[in-house]
Structures are given as structure tokens and as C-alpha cells.
Amino acid sequence: QVQLVESGGGLVQPGGSLRLSCAASGSILGIITMGWYRQAPGKEREFVAAISWSGGITYYADSVKGRFTISRDNAKNTVYLQMTSLKPEDTAVYYCNGRFTLYRSASMDAWGQGTLVTVSS
């Protein structure tokens, strides 16, 4: 069992910055990847960013590349998303996601409940 808890969402003006955090807990043997997805009203859920745990390799959607930075804290089982130069189109519910290794080499995906980011003046 893995639980993901997001924090850091809120209201920010266009051009502003916001930092999201997601902490993983539970019966985790290891973390394979963690990342972020988002879903705006009336739109499909889309990939935002991800990071591999062992090598720290990062992946970004084209829409956020150069503006968002994903990072991790291995000791805290936490992933961060530093968002800068925010645009109104970044408004969405942001979901933390991860793939985790459990005992017996089993793996599972887990999702957080989401945190709302609203970019508006």
C-alpha cells in the first residue's frame, strides 16, 4: 500500500511561481519513478513531468519545458514541481503519480488526490 499526499497548490498570478510537493509513504521497497499529471476542466489528463529515482533523469511535456522543474528528495520520498512563468492555461488539478517497488518484486502505480493550481489575475 502506497499513499501520496500533495501540497502547495493555490492561486497565483500570471507570470508567478508555485512549488508543489508530493510525499510518498507506505510499504515501499523502492521508487522507480515519480511525476506529475494535470487535468483542466473539459480536458483529458495530461503528463507534465517525471523523474527517475535511481538516475534522476527528468522528462517534461513540451508545454512546460523551460518553465517547470521537477526534483526529488530521496531521503524524504518526496518529489517537487517548481513552476515558474505560470500561464492561465496552466490552471488545472495537479496529480502526483509514482511507480513503486513492493515486496516480492511487485510493482504498483499510485496517485494522489490532486491539488488545484489556479493561475489568474
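Below is a short write-up of the structure. (Residues numbered from 1 in each chain as written. Predicted model: local features only at pLDDT ≥ 70, side-chain atom pairs only at ≥ 80, totals over all residues. Heavy atoms only, no water.)

**Comments concerning the overall build of the protein chain**
Then, number 1: Looking only at helices and strands, one finds zero helices and eleven strands in the protein chain.
Then, number 2: Scanning the protein chain from its N terminus toward the C terminus, one meets helices and strands in the order β-β-β-β-β-β-β-β-β-β-β.
Then, number 3: Taking 121 residues into account, the globule formula puts the C-alpha radius of gyration at 14 Å, and the protein chain, at 14 Å, falls close to it.
Then, number 4: A total of 121 residues make up the protein chain; the buried ones form 38% of that total.
Then, number 5: Residue pairs at least 24 apart in sequence account for 53% of intrachain contacts in the protein chain once pairs closer than 6 positions are excluded.
Then, number 6: Put simply, the protein chain shows about 6500 Å² of open surface, and 48% of that area lies on carbon and sulfur atoms.
Then, number 7: Positive and negative side-chain charges in the protein chain, numbering 11 and 8 respectively, have mean positions lying 5 Å apart. (Helix = DSSP H or I, 4+ residues; strand = E, 2+ residues; numbered from the N terminus. Rg over C-alpha atoms; globule rule 2.2 N^0.38 Å. Buried < 20%, exposed > 50% of the residue type's maximum accessible area, 1.4 Å probe, protein only. Contact = heavy atoms within 4.5 Å. Areas by Shrake-Rupley, 256 points an atom, 1.4 Å probe, with all protein chains shown as cover. Lys, Arg positive; Asp, Glu negative; His and termini not counted. Charge placed at Lys NZ, Arg CZ, Asp CG, Glu CD.)

**A short note on the packing of aromatic side chains**
Then, number 1: Here the structure, examined in full by the defined rule, presents two aromatic pairs.
Then, number 2: Taking the centre distance of 5.5 Å and the plane angle of 75° together, the rings of Tyr37 and Phe47 count as edge-to-face. On the criterion of sequence distance, the pair formed by Tyr37 in strand S4 (residues 30-39) and Phe47 in strand S5 (residues 46-52) is long-range, its members being ten residues apart.
Then, number 3: Judged by relative accessible area, Phe47 falls into the partly exposed class, the value being 29%.
Then, number 4: Connected via pairs of aromatic rings, a cluster forms that spans Tyr37, Phe47 and Trp111.
Then, number 5: Taking NZ or CZ as reference, Arg45 lies 4.0 Å from the ring centre of Trp111, over its face. (Phe/Tyr/Trp six-rings, centres within 6.5 Å; stacked < 30°, edge-to-face > 60°. Lys NZ or Arg CZ within 6 Å of the ring centre and 35° of its normal.)

**Quick notes on the pattern of salt bridges**
Then, number 1: Counted under the stated rule, the structure contains four salt bridges.
Then, number 2: Its salt-bridge partner being Asp90, residue Arg67 comes within 2.8 Å of it at the nearest N-O pair. Of the two residues, Arg67 is situated in the loop between strand S6 (58-60) and strand S7 (68-73) and Asp90 in the loop between strand S8 (78-83) and strand S9 (92-101); the sequence distance between them amounts to 23 residues. With respect to burial, Arg67 and Asp90 carry one shared label: buried. (Salt bridge = Lys/Arg side-chain N within 4 Å of Asp/Glu carboxyl O.)

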